[in-house]
Amino acid sequence: MKAQVITRFGEPEVFEAREVDSPSAGPGQVLVRVAVAAVNPLDAKIRGGALSSMFPTTFPAVLGNEIAGVVEAVGAGVTEPSVGERVVGFAPSGGYAELVVTTPDRVVRVPDALPLTKAATIPTAAETAQRALALLDARAGETVVVNAAAGSVGSAAVQLLTAAGVRVIGTASEVNHDYVRALGATPVRYGDHLIADLALAAPDGVDAAFDAGGRGFADQMLTLVEPARIVTIVDFAAARLGVQIAAGDPFAVDARSLAPVLDLAVQGRFATEVAGVVPFDGVAEAHRRSEDGHLRGKLLVHVADIAGANA
Ligand SMILES: NC(=O)c1ccc[n+]([C@@H]2O[C@H](COP(=O)([O-])OP(=O)(O)OC[C@H]3O[C@@H](n4cnc5c(N)ncnc54)[C@H](OP(=O)(O)O)[C@@H]3O)[C@@H](O)[C@H]2O)c1
């Protein structure tokens, strides 16, 4: 099969398209033929070697952990999903490849009405937002600031919070303010402008904050809310201040809890933007764009057309 492989850590140029042995589904495993793979900031951090102690990498390595495709085969003991079903979820064997091996709990069936390209934008964004918001425990009627509200995780958090009756103020570059407004939040600028913008947007104060952007946001919010009402997914050093850290193992995520979010997507009540779709040989370019840090939504890698899969 074709795969985008790295044989060393480095800049995006380390990706090489190679023919590698096709994997097969062992007992308890699921083999998925990949239509699209999503690009996440984590992929670039692993590629660059910054996280080698947390995520040890054996070369040659296939990166990418989020895919949508069609079940090609299942191993002994697997009753669900079935061969031929469209699924989305997580692929610890590496998503930038034509075939991936995963486990039944790491994938979930994609509703018929949802294109695979739409489905592929959802798992990491929604799972991370759900996990972080469970810690934040925001109530209807409260006001919550979401940092990086136009990003994948931030935009998912905005939608989940507003659906729960929470008032959301979202930070973003000004070019994304209309987008943040359309998601249901009041947009403000991040960085030096944040505190002054918040004074205008929320004169009665804010109750809690969710940080998907880092860069000192948690420290700024500590001037406005209790540390226990701040949750970050990026600024792990903020734990010293009493801020809550929502860390998770991206390679051991149970995707089945995402079924309700996929249903909301079918109803048009939840969406992560597709920031772009690059061809299979465009993985390096996708990493450059992701590392630039200003994506609105999720970048996808088109891996293959799968007949009848409604990609
Ligand atoms: N702990 C976990 O379990 C977990 C899980 C998933 C992701 N993450 C991490 O969470 C972060 C966000 O992931 P993502 O997939 O949502 O990324 P993304 O889709 O690439 O979005 C990045 C966002 O960051 C915003 N941004 C850029 N500069 C900023 C600044 N100075 N202050 C505030 N926001 C800024 C950008 O907003 P503008 O374009 O509007 O400038 C952009 O929307 C990444 O670092 C990722 O590794 C952690």
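Above: the structure in question.
Since the model is a prediction, treat every value here as computed from it, not as a measurement.

A.B. asks: Got a minute to help me understand the packing of aromatic side chains in this structure?
C.D. replies: The relative placement of two aromatic rings is captured by the distance of their centres and the angle of their planes. Enumeration over the complete set of coordinates arrives at three aromatic pairs. Measuring from centroid to centroid gives 5.0 Å for phenylalanine 9 and phenylalanine 59, while their planes differ by 75°, and the two rings are edge-to-face. Taken together, the residues span a long stretch of sequence, with phenylalanine 9 in the loop between β1 (2-6) and β2 (16-19) and phenylalanine 59 in the loop between α1 (41-48) and β4 (61-62) at a distance of 50 residues. Here the aromatic rings of phenylalanine 55 and phenylalanine 251 are separated by 5.5 Å at their centres, their planes lie at 70°, and the arrangement is edge-to-face. In this pair, phenylalanine 55 sits in the loop between α1 and β4 while phenylalanine 251 sits in the loop between β14 (244-245) and α8 (259-266), placing the two residues 196 residues apart along the sequence. Judged by relative accessible area, which is 14%, phenylalanine 55 ranks as buried. Phenylalanine 251 sits in the partly exposed class, given a relative accessible area of 23%. Between the NZ or CZ atom of arginine 296 and the centre of the ring of tyrosine 179, over which it lies, the distance is 4.8 Å.

A.B. asks: Looking at this structure, I do not really get the site of the ligand. What am I missing?
C.D. replies: If you check the shell around the ligand, you find 25 residues, and the closest are Lys45, Val153, Ser173, Tyr190 and His294. At 2.9 Å from an oxygen atom of the ligand is found a side-chain nitrogen or oxygen belonging to asparagine 176. Relative to its unbound accessible surface of 940 Å², the ligand loses 87% to contact with the protein. Of all the secondary structure elements, the ones that give two or more residues to the shell around the ligand are α1, α3 (123-136) and α4 (152-163). At three residues, the largest contribution of residues to the shell around the ligand is made by α3. Both domain 1 (2-121 + 273-302) and domain 2 (125-245) contribute no fewer than three residues apiece to the shell around the ligand.

A.B. asks: Quick question: what am I supposed to make of the layout of surface pockets here?
C.D. replies: To find the voids left in a structure, one rolls a probe of water-molecule size over its atoms. Here the second largest pocket is characterised by a volume of approximately 240 Å³. Pro56, Thr57, Val62, Leu63 and Phe251 are the residues nearest the centre of the second largest pocket, which is lined by 16 residues in total. Within the residue set of the lining of the second largest pocket, elements represented by two or more residues are α1 and β4. For the lining of the second largest pocket, the residue count by class is nine nonpolar, six polar and one charged.

A.B. asks: Where do I start with the packing of α3 against α4 in this structure?
C.D. replies: When two helices pack together, their arrangement is given by the angle between the helix axes and the distance between those axes. The N-to-C vectors of α3 and α4 enclose an angle of 60°; their axes lie 8 Å apart at closest approach. Here α3 lies oblique to α4, going by the angle between them. Crossing geometry of α3 relative to α4 is assigned as right-handed. On the side of α3, the interface is formed by Ala125, Ala126, Thr128, Ala129, Gln130 and Leu133, while α4 contributes Ser152, Val153, Ala156, Ala157, Leu160 and Leu161. Within the contact of α3 with α4, the residues separate by chemical class into nine nonpolar, three polar and no charged.

Parameters at a glance
- Residues numbered from 1 in each chain as written.
- Predicted model: local features only at pLDDT ≥ 70, side-chain atom pairs only at ≥ 80, totals over all residues.
- Heavy atoms only, no water.
- Phe/Tyr/Trp six-rings, centres within 6.5 Å; stacked < 30°, edge-to-face > 60°.
- Helix = DSSP H or I, 4+ residues; strand = E, 2+ residues; numbered from the N terminus.
- Buried < 20%, exposed > 50% of the residue type's maximum accessible area, 1.4 Å probe, protein only.
- Lys NZ or Arg CZ within 6 Å of the ring centre and 35° of its normal.
- Near = heavy atom within 4 Å.
- Polar contact = N/O pair within 3.5 Å; in protein donor to acceptor, adjacent residues only side chain to side chain.
- Areas by Shrake-Rupley, 256 points an atom, 1.4 Å probe, with all protein chains shown as cover.
- Domains from an automatic or database assignment.
- 1 Å grid on protein atoms, 1.4 Å probe; cavity = no way out; pocket = protein on both sides within 12 Å on 5 of 7 lines; lining within 4 Å.
- Points joined across faces, edges and corners; volume = space filled by probe spheres on them.
- Nonpolar A, V, L, I, M, F, W, Y, C, P; charged D, E, K, R; others polar.
- Axes fitted to C-alpha atoms, helices over the stretch in contact; angles between N-to-C directions.
- Parallel < 35°, antiparallel > 145°, perpendicular 65-115°, else oblique.
- Left-handed = near helix turned anticlockwise from the far one by under 90°.
- Contact = heavy atoms within 4.5 Å.

Note that every value here comes from positions in space, so none of it alone points to a role or purpose.
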